[in-house]
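In case you want the letters, here they are:
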Amino acid sequence: MAPALAWLTALMVVPCALVLALAFFRRGIYGGIEYTFTLENFGLVFDPLYAGIFLNSARIAGTATLIAVIIGYAAAYAISAAPRRLQPVFLFFAVLPFWSNYLIRTYAWIVLLNREGLITQLLRWFGYTGEPPSMLYTEGAVIAGLVYNYLPFVILACYAPLSRLNPELAEASRDLGASALTTFRRVILPLTVPGIAAGAVFVFVLSIGNFVTPALLGGGRFQMIGNLVYDQFLTANDWPFGAALAMALIAIMLLVLMTQALLADRAAGRAAEARGDADG
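Residues numbered from 1 in each chain as written. Predicted model: local features only at pLDDT ≥ 70, side-chain atom pairs only at ≥ 80, totals over all residues. Heavy atoms only, no water.

**Thoughts on the overall build of the protein chain**
Let me state the cut-off plainly: Put simply, DSSP H or I for four residues or longer makes a helix, DSSP E for two residues or longer makes a strand, and each gets a number counted from the N terminus. Only protein chains enter the calculation, and the probe is 1.4 Å; a residue is then buried if its accessible area is under 20% of its type maximum, exposed if over 50%, and partly exposed in between. By definition in these notes, contact holds between two residues if any of their heavy atoms fall within 4.5 Å. What sets the accessible areas is the Shrake-Rupley method with a 1.4 Å probe; for residues, cover comes only from the shown protein chains. By the counting rule applied here, Lys and Arg register as positive and Asp and Glu as negative, while His and the ends of each chain are not counted. Just so you know, the charge point we use is NZ for Lys, CZ for Arg, CG for Asp and CD for Glu.
In terms of helices and strands, the protein chain carries 13 helices and two strands. With the principal axes as the frame, the protein chain shows a C-alpha extent of 75 × 65 × 40 Å. Here the protein chain holds 280 residues, and 33% of them are scored as buried. The contacts in the protein chain between residues at least 6 apart in sequence include a share of 67% that link residues at least 24 apart. Summing over all exposed atoms, the protein chain offers an accessible surface of approximately 16500 Å²; the carbon and sulfur share of this is 71%. Averaged over its 16 positive side-chain charges, the protein chain has a centre that lies 6 Å from the centre of its 15 negative ones.

Structure below.
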């Protein structure tokens, strides 16, 4: 494990430690760093202005996560229900967007959503003659971009438990008189919750720290925490405060990941107990 641990230490632990160390210093009068110990940067993170940006980022990321989970689970369920020989083909198309650059995928949404874009042209083709709807540089455009870019993570995470489900469980449920909806709600959905949770964590963690999509599709009108960190480092030249914001964001991500891992362990424990009771 030494090569892997050395790689993680050099490229993840050390950079995070350096960013954390920056957060305990002051910004110089003309920018840069003044090496005077202070905790003001962390206190400023909880200022109502910046706390509001954190909450707004969490709301946008949560909305994108919810939409991605609904669409991704439906797609994964449809793929798992398809014939075995076709499932790899459908999975290939699900992850095909990853073959292009993230920026290219985001710019494609600008082409779709701008006032002279493809959606507006389709509306005019169907006879719409009014003012083109304002779709670009809105919160909805940011959420759409986040969902589109991270949806494959949810599909793959949900497909894994769905593909491993024993079909005899659903058959037994139907034989006992349960409807298709009841079978899904009482049998299939509970057994695939770990996949849903994993996909949701992927989307939420990646969305809350994203700064490219809000900048391009939001036009700078919707400030998210990733944009705020970016601005502190490259515009305001306030590296200590930017480092404090970055560490607060990392803490939120770690909290979400730890919560997901704890809930997954408890679910696995309950499943093991249920199997033990059934065997007994």
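**A short note on unusual backbone geometry**
With phi around 60°, tyrosine 137 is a residue other than glycine that occupies positive phi space. Summarising the element assignment, tyrosine 137 is placed in the loop between helix H6 (118-125) and helix H7 (139-164). The class of tyrosine 137 is partly exposed, set by a relative accessible area of 35%. In this structure, asparagine 237 is a non-glycine residue whose phi angle is positive, near 55°. Positionally, asparagine 237 belongs in the loop between helix H12 (225-234) and helix H13 (239-279).

**Some thoughts on the UniProt feature "domain: ABC transmembrane type-1" (unreviewed entry) in the protein chain**
To be explicit about the condition: UniProt positions are given in the numbering used here, feature names are shortened, and annotations may be inferred rather than shown by experiment.
When the UniProt feature table is mapped to this numbering, "domain: ABC transmembrane type-1" (unreviewed entry) covers residues 54-262. Annotation note: span residues 54-262, helix share 77%, strand share 0%, distance between end C-alpha atoms 24 Å.

**Observations concerning the UniProt feature "transmembrane region" (unreviewed entry) in the protein chain**
In the numbering used here, UniProt assigns the feature "transmembrane region" (unreviewed entry) to residues 6-25, 37-55, 61-82, 89-110, 141-162, 183-208 and 239-263. With 100% helix and 0% strand, residues 141-162 has end C-alpha atoms that lie 31 Å from one another. When the span residues 183-208 is considered, its composition is 96% helix and 0% strand, and the gap between its end C-alpha atoms is 35 Å.

**What about the packing of H7 against helix H10 (residues 193-208)?**
Note the cut-off: Inter-axis angles, ranging from 0 to 180 degrees, are taken between N-to-C directions of lines fitted to C-alpha atoms, where helices are fitted over the stretch in contact. An angle counts as roughly parallel when it lies under 35 degrees, as roughly antiparallel when it exceeds 145, as roughly perpendicular when it falls between 65 and 115, and as oblique in every other case. Helix crossings are classified by the rotation of the near helix relative to the far one: an anticlockwise turn of less than a right angle makes the crossing left-handed, while a clockwise turn makes it right-handed. Side-chain classes follow a simple rule in which Ala, Val, Leu, Ile, Met, Phe, Trp, Tyr, Cys and Pro form the nonpolar group, Asp, Glu, Lys and Arg form the charged group, and the remainder, Gly included, forms the polar group.
Where H7 meets H10, the axes come as close as 7 Å, and the angle between the chain directions of the two elements is 160°. As the angle between them shows, H7 and H10 are arranged roughly antiparallel. As H7 packs across H10, the resulting crossing turns out to be right-handed. Contact with H7, carried on its side by Leu146, Tyr150, Phe153, Val154, Ala157, Cys158 and Pro161, involves Gly195, Ile196, Ala198, Gly199, Phe202, Val203, Leu206 and Ser207 of H10 and no other residues of that element. A class-by-class count of the residues in the contact of H7 with H10 yields twelve nonpolar, three polar and no charged.

**A few points about the nonpolar core**
We apply this condition: What makes a nonpolar core is a set of buried Ala, Val, Leu, Ile, Met, Phe, Trp, Tyr and Cys residues whose side-chain atoms join them at distances within 4.5 Å.
Membership of the largest hydrophobic core comes to 33 residues, with the highest contact counts inside it found for Leu146 and Leu217. Of all the secondary structure elements, the ones that give two or more residues to this core are helix H3 (48-81), helix H4 (87-95), helix H5 (102-113), H7, H10 and helix H11 (212-217). If you tally residues by element for this core, the top one is H7, at twelve residues. Other than its neighbours up to four places away in sequence, leucine 146 contacts Ile60, Ala64, Tyr102, Ser207, Asn210 and Thr213. Membership of the second largest hydrophobic core comes to 21 residues, among which are Val205, Phe241, Ala246 and Leu249.

**Notes on the pattern of salt bridges**
We count it as follows: Between Lys or Arg on one side and Asp or Glu on the other, a salt bridge is scored when a side-chain nitrogen of the former is within 4 Å of a carboxyl oxygen of the latter.
Counting across every chain of the model gives two salt bridges. Arginine 26 is paired through a salt bridge with glutamate 40; the nearest N and O atoms lie 3.2 Å apart. Residue arginine 26 is located in strand S1 (residues 26-27), and its partner glutamate 40 is located in helix H2 (residues 40-45); the two are separated by 14 residues in the primary sequence. The class for arginine 26 is partly exposed, based on a relative accessible area of 30%. Accessibility expressed as a relative area gives 52% for glutamate 40, which makes it exposed.

**Focus on the side chain of serine 57**
Within the fold, serine 57 resides in helix H3. The buried category is assigned to serine 57, whose relative accessible area is 0%.

**Focus on the side chain of glutamine 232**
Relative to the elements of secondary structure, glutamine 232 occurs in helix H12. Given a relative accessible area of 10%, glutamine 232 falls into the buried group. The contacts of glutamine 232, once residues within four sequence positions are left out, are Asn237, Asp238, Trp239, Phe241, Gly242 and Leu245.

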